[in-house]
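Examining the three-dimensional arrangement
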Amino acid sequence: MNAPLDALFSEEIPGPLTGPLVITGTDTGVGKTITTAAIAAAATAAGLRVAVVKPAQTGTADGDEWDARTVARLAEPLTTRTLSDFPEPLAPLAAARVAGEDPLTAVMAQLAIRSIAEEHDLTLIEGAGGLLVPLGEGGWTILDLAAALNATAVVVARAGLGTLNHTALTLEALSRRDVPAIVIFGAWPAEPELVHRTNLHDLEADLAGAIPDGAGAMTPEVFRREALHWLDARLHGRFDPVAFRSHCR
């Protein structure tokens with residue numbers, strides 16, 4: 001019988017975290033980019049040399065701001081880099097195939113990130129979609145990358161309905177590869193409803209922060225100042241999960 005998730009994730013992850021840190025999510029559109037920017041802002045304010053790497057950016061034909069550029073605008077980390085990009089808003093491997101371009105290989109991604117990490121104190125690697133989305137040649141995923149880099153994972157979760165199942169599945173997949181993980185709510189509402197409060201109570205995970213809904217629309221100056229309050233000390237902030245849970249009852 002498998003161990004319960006609270007047992008799998010009961011071991012404390014020490015901090016503050018440095019080295020490679022993978023930012024993944026329970027799904028697409030959960031707030032990974034804004035969470036990445038918040039961590040970059042907090043760590044930069046703490047005096048760290050921060051790099052942000054996006055292995056694969058898709059949907060570039062839509063004209064939307066690339067994720068790495070959003071992070072650069074909001075947080076101003078030392079370095080931002082996108083390793084591959086494709087026009088269609090699809091999973092990266094499919095987007096490469098549709099575009100008739102070569103997908104990124106796992107070896108290329110690992111070599112690039114290891115080289116970048118040598119010059120920085122903290123390297124944030126933002127995935128695309130959820131944990132098992134195929135990012136490149138052979139179908140490698142952000143989970144494969146996290147395991148290869150011996151990285152800690154930050155799982156960005158929704159606050160609303162469905163998050164308990166999606167978060168549990170993501171954490172179980174990470175635990176099977178021995179990747180330690182902490183969880184952040186990617187868009188916590190200003191006025192939590194019953195579903196948000198019960199999810200917060202029932203979430204079996206190591207909660208490390210909560211990003212307020214709409215944080216990405218803040219001015220960069222306000223974003224950088226406030227980011228410290230959204231993340232706990234392991235992510236170079238001042239967030240208190242015990243106080244947060246108590247306040248949201």
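A short tour of the structure in this document, coming up. (Residues numbered from 1 in each chain as written. Predicted model: local features only at pLDDT ≥ 70, side-chain atom pairs only at ≥ 80, totals over all residues. Heavy atoms only, no water.)

Quick word on the nonpolar core
Counting residues in each nonpolar core, the largest one holds 40 residues, and the members touching the most others are Leu-174, Phe-185, Trp-188 and Phe-244. Of all the elements in the fold, those that place two or more residues in this core are strand S2 (50-54), helix H5 (106-117), helix H6 (142-149), strand S7 (152-157), helix H7 (163-176), strand S8 (181-188) and strand S9 (207-212). Broken down by element, the residue count for this core peaks at five residues, all from H6. With sequence-adjacent residues up to four places away left out, Leu-174 is seen in contact with Leu-131, Leu-143, Ala-153, Val-155, Val-179 and Ala-181. (Core = buried A, V, L, I, M, F, W, Y, C linked by side-chain atoms within 4.5 Å. Buried < 20%, exposed > 50% of the residue type's maximum accessible area, 1.4 Å probe, protein only. Helix = DSSP H or I, 4+ residues; strand = E, 2+ residues; numbered from the N terminus. Contact = heavy atoms within 4.5 Å.)

Examining the packing of H5 against H6
Closest axis-to-axis distance for the H5/H6 pair is 11 Å, and the angle between their directions is 50 degrees. In terms of orientation, H5 and H6 fall into the oblique class. Seen along the crossing, H5 lies across H6 with a hand that is right-handed. For the pair H5 and H6, contact is made by Gln-110, Ile-113 and Arg-114 and by Leu-145, Ala-148 and Leu-149, respectively. In terms of residue class, the contact of H5 with H6 is made up of four nonpolar, one polar and one charged. (Axes fitted to C-alpha atoms, helices over the stretch in contact; angles between N-to-C directions. Parallel < 35°, antiparallel > 145°, perpendicular 65-115°, else oblique. Left-handed = near helix turned anticlockwise from the far one by under 90°. Nonpolar A, V, L, I, M, F, W, Y, C, P; charged D, E, K, R; others polar.)

Points about the packing of helix H2 (residues 32-45) against helix H3 (residues 67-75)
Close contact between H2 and H3 brings their axes to 9 Å; oriented N to C, the two are set at 40 degrees. One way to sum up the angle between H2 and H3 is to call them oblique. Note on packing geometry: the crossing formed by H2 with H3 is right-handed. Mapping the contact onto sequence places Thr-33, Ile-34, Thr-36, Ala-37, Ala-40 and Ala-41 in H2 and Asp-67, Thr-70, Val-71, Leu-74 and Ala-75 in H3. Looking at the contact of H2 with H3 residue by residue, the class counts come to seven nonpolar, three polar and one charged.

Considering the side chain of Thr-123
Inspection of the secondary structure assignment puts Thr-123 in strand S6 (residues 122-126). Owing to a relative accessible area of 0%, Thr-123 belongs among the buried residues under this scheme. Those residues in contact with Thr-123 that lie beyond four places of it in its chain are Gly-19, Pro-20, Leu-21, Ala-51, Val-53, Ile-113, Ile-116 and Ala-117.

Topic: the sheet that holds strand S4 (residues 79-82)
Here seven strands make up an open sheet; going across it, the order is S4-S2-S6-S1-S7-S8-S9 and the pairing parallel. For this open sheet the edge positions go to S4 and S9, each flanked by a neighbour on one side alone. If you compare each strand with its neighbour and ignore which way they point, the axes differ by 20 degrees on average. Relative to S6, S2 is paired through four bridges, and the arrangement is parallel. Bridge pairing links Val-52 to Leu-124 in S6. Helix-sheet contacts for H3 involve S2, S4 and S6, and the interaxial angle to S4 is about 170 degrees. (Pairing = 2+ DSSP bridges.)

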